[in-house]
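Summary of the model geometry
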Amino acid sequence: MSENTVENPHTPVQPEVDDTDEQLDVEVVAEASSGEGESVAVIGEVEPVIAVSAEAAVAETAPDTSALRPIGEATYGAAITTESVLGPDTRIQINNTADYPWRVHCSLLITANDGSQWIGTGWFIGPKTVVTAGHCVFIHAPGTPRHGWVQSIRVMPGRNGATLPYGSVTVPRANLRSVTGWTVNGPNEEYDYGAMVLPTPLGNTTGWFGFANYSDATLQPMTVNLSGYPGDKPAGTQWYQSSAIAALGPRKVYYTIDTFGGQSGSAVYVIKDGSRYGVAVHAYGGASSNSGTRITKPVFDNFQLWKS
Amino acid sequence: MIIQGVVADPSGQPVPGAVVMVAAAPVPVPDIAALTDATGRFSIMVSAPGTYRLLIRGANAMTETTVSVHTEAVEVRAELPG
C-alpha cells in the first residue's frame, strides 16, 4: 500500500507550504480549556512547581551512569557533539498528574508498521485532538517494513508510572494526521508535526492547551515550558522544565530545556495571562539546544482543521 | 543506517520492554525512544555516520554504550546490570 495515492486515507491534509505562507507577522491564538476537576492556577511565565526546583533537583538528579560498564560490541570513536541533557539535569518530576495542566500531557505507546514499539509524548489541543511530533505518527525507514504510518498509538493522559488517571485510548492508523512536508517529502524537521484524532472526547475531561502563532518579537523574550515522558526516567513518569528561548528560526524554536528520548511530541508552551499556549512541538535533541517545530500560521491552521 | 542489537540481563537472558534511546549523536536526533521486543532486540535508524551514545533503561537498571556508525548496520549487545 502506498502512502502517496489519493485513495489512501492517510494522505496529508496540508500540502507543503512555501516561505510566503508563513505569515510570521500575523499573530493568531486558539484558547485553552482546563477541563473538569482540579486545576493548578498560574501567575507569571512558569509553572508554580518551579518554586521547589532546588529541592526537587536534589531529590531527582539525573542517573549517574559514569560507573556503569561499557558494553556490547561498541567501537569508541570521535567526539560526540549532541547531548539532549544540557549541563546539570534540573528536570522536575510531576506527581499530581491528574490535575490541569499536567493531565493535558499524554504518554504515548507507539506500535510501528513492523510491530516495533516506541514511546513518545502528546498533548491535547481540543476535545478529541492530541498533537505530537510527525515522527511519532509516520516513521521514515525507507526500504523496511517499518516505513510509513504507524499501526496505532495508545494515548495515556496524565500518566504517572503505572497509574492512568484517565485510562487510555488506542488510536488507529486511520485517525493519524501529518503533512506532506513530513510524510511524502520528508524527513524534514521543519515539518515534523502531526496529530491523533481520538474516538472519544476525552479532552473535555482533561482540558487542553491553546496554541499560538507568535511573531519573533513577541516570542523571543518569553519563557518556554515543557513537560513530557522521558525514557531515561522511571517508566511513565512525567517531568517538567522551563527555559528561555535560545533561538528562533522561521519554522523552528530552540531552547535549553533538557529532554530525552520519549519526549518527542511534547508541548513547548508559554504562559500568558494565566493561560497556556503551545508555540512549538518538541522533536529533537541537539548539541547546544533542543528544538521543536514552530507553530507557524500553516501549522496553526492545520491544528484548527484537526480540532474541527 | 541502522543501530540494532539485543539487550540482555547479567545471566544472558533477553530483556523485553527495555527503553533504548540516543543520548548523544553527531547530529540532532528525534527524541523518540525504542522498546526492545520479546527477544530483547531493537533497531534504530540514524541519519548520519559518527559516534552515538545509547542509553538503555530496564525496570530497575540502566546502562549505556557508545557505538561508531560507519556502515549501513551496526550490531550492539547491551547488558543491563543486575
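Residues numbered from 1 in each chain as written. Chains lettered and ligands numbered in written order. Predicted model: local features only at pLDDT ≥ 70, side-chain atom pairs only at ≥ 80, totals over all residues. Heavy atoms only, no water.

**Details of the overall build of chain A**
When its secondary structure is counted, chain A shows six helices and 19 strands. By residue count, 56% of the 308 residues in chain A fall in the buried class. Accessible area for chain A stands at about 11,400 Å²; split by element, carbon and sulfur atoms hold 53% of it. (Helix = DSSP H or I, 4+ residues; strand = E, 2+ residues; numbered from the N terminus. Buried < 20%, exposed > 50% of the residue type's maximum accessible area, 1.4 Å probe, protein only. Areas by Shrake-Rupley, 256 points an atom, 1.4 Å probe, with all protein chains shown as cover.)

**Considerations on the overall build of chain B**
Summing up its helical and strand segments, chain B has zero helices and eight strands in all. Its helices and strands in sequence order give chain B the pattern β-β-β-β-β-β-β-β, from N to C terminus. Against the globule reference of 12 Å for 82 residues, chain B gives a C-alpha radius of gyration of 12 Å, in line with a compact fold. For chain B, the C-alpha atoms occupy an extent of roughly 35 × 20 × 20 Å along the three principal directions. Per-residue burial for chain B yields a buried fraction of 61% across its 82 residues. Looking at chain B alone, contacts between residues at least 24 apart form 55% of all its contacts between residues at least 6 apart. Accessible area of chain B: about 3,000 Å², with a carbon and sulfur share of 56%. Averaging the coordinates of the 4 positive side-chain charges in chain B and doing the same for the 7 negative ones gives two points 4 Å apart. (Rg over C-alpha atoms; globule rule 2.2 N^0.38 Å. Contact = heavy atoms within 4.5 Å. Lys, Arg positive; Asp, Glu negative; His and termini not counted. Charge placed at Lys NZ, Arg CZ, Asp CG, Glu CD.)

**With respect to the sheet that holds strand β8 (residues 73-79) of chain B**
Residues and elements named next belong to chain B. In spatial order, the strands read β5-β1-β8; together these three strands make up an open sheet with mixed pairing. Of all strands in the sheet, those with a lone pairing partner are β5 (41-45) and β8, marking the two edges. Within this sheet the neighbouring strands show an average axis-to-axis angle of 20°, counted without direction. Across five bridges, strand β1 (residues 2-8) lies against β5 in antiparallel orientation. Along β5, the bridge assignment pairs glycine 5 with phenylalanine 42. (Pairing = 2+ DSSP bridges. Axes fitted to C-alpha atoms, helices over the stretch in contact; angles between N-to-C directions.)

**Regarding the nonpolar core**
Trp123, Ile153, Met196 and Phe303 of chain A together with Ile3, Val7 and Tyr52 of chain B are the most contacted members of the largest nonpolar core, which has 81 residues in total. Non-local contacts of methionine 196 of chain A, meaning those with residues more than four positions away in its chain, are made with Leu108, Lys128, Thr129, Val130, Thr132, Ile153, Val155, Val171, Asn175 and Leu176 of chain A. Counting 16 residues, the second largest nonpolar core, distinct from the first, contains Met222, Tyr255, Ile257 and Tyr277 of chain A. (Core = buried A, V, L, I, M, F, W, Y, C linked by side-chain atoms within 4.5 Å.)

**Quick look at the state of the cysteines**
Residues and elements named next belong to chain A. Counting across every chain of the model gives zero disulfides over all chains. Its sulfur unpaired, cysteine 106 is 12 Å from the next cysteine sulfur, which belongs to cysteine 136. Owing to a relative accessible area of 0%, cysteine 106 belongs among the buried residues under this scheme. (Disulfide = S-S within 2.5 Å.)

**Some thoughts on the packing of aromatic side chains**
Residues and elements named next belong to chain A. This structure, assessed with the given rule, holds 11 aromatic pairs over all chains. A centroid spacing of 5.4 Å and a plane angle of 85° characterise the contact between phenylalanine 138 and tryptophan 149, whose relative ring orientation is edge-to-face. Here phenylalanine 138, found in strand β7 (residues 138-139), pairs with tryptophan 149, found in strand β8 (residues 148-149); they are 11 residues apart in sequence, far enough to count as distant. There is no split in this pair, since phenylalanine 138 and tryptophan 149 are both buried. Centroid distance phenylalanine 211 to phenylalanine 303: 5.3 Å. Interplanar angle 80°. Geometry classified as edge-to-face. One end of the pair, phenylalanine 211, is in strand β13 (residues 210-213); the other, phenylalanine 303, is in helix α6 (residues 297-307), with 92 residues separating them in the sequence. Considered together, phenylalanine 211 and phenylalanine 303 belong to a single accessibility category, that of buried residues. (Phe/Tyr/Trp six-rings, centres within 6.5 Å; stacked < 30°, edge-to-face > 60°.)

**Regarding the environment of tyrosine 277 of chain A**
Residues and elements named next belong to chain A. Looking at the element boundaries, tyrosine 277 is found in strand β18 (residues 275-285). With a relative accessible area of 7%, tyrosine 277 lands in the buried category. Excluding residues within four positions of it along the chain, tyrosine 277 makes contact with Val29, Ala30, Glu31, Gly210, Phe211, Ala212, Tyr214, Val268, Tyr269, Val270 and Lys272. Only 2.7 Å separates the side chain of tyrosine 277 from the side chain of glutamate 31, close enough to count as a polar contact. (Polar contact = N/O pair within 3.5 Å; in protein donor to acceptor, adjacent residues only side chain to side chain.)

**Considerations on the pairing of strand β19 (residues 290-294) of chain A**
Residue and element names in this part refer to chain A. β19 sits mainly inside the fold: five of its five residues count as buried. Looking at chain direction, strand β16 (residues 252-255) and β19 are connected through four bridges and run antiparallel. Across the sheet, the residue bridging to lysine 252 is threonine 293, located in β19. The hairpin turn running from β18 into β19, its antiparallel successor, is four residues long.

**Quick notes on the pattern of salt bridges**
Residue and element names in this part refer to chain A. Inspection of every chain in the model, using the stated rule, returns nine salt bridges over all chains. In this structure, the salt-bridge partner of arginine 91 is aspartate 232, at a minimum N-O distance of 2.6 Å. With arginine 91 in the loop between β2 (82-83) and β3 (92-94) and aspartate 232 in the loop between β14 (223-228) and β15 (238-248), the pair connects residues that are 141 residues apart, well separated along the chain. The pair arginine 91 / aspartate 232 is uniform in exposure class, with both members buried. (Salt bridge = Lys/Arg side-chain N within 4 Å of Asp/Glu carboxyl O.)

**Focus on the side chain of threonine 129 of chain A**
Residues and elements named next belong to chain A. Structurally, the position occupied by threonine 129 is in strand β6 (residues 129-132). In this structure threonine 129 comes out as buried when scored by relative accessible area, which is 1%. Ignoring anything within four residues of it in the chain, the contact list for threonine 129 reads Trp123, Phe124, Ala195, Met196, Trp306 and Lys307.

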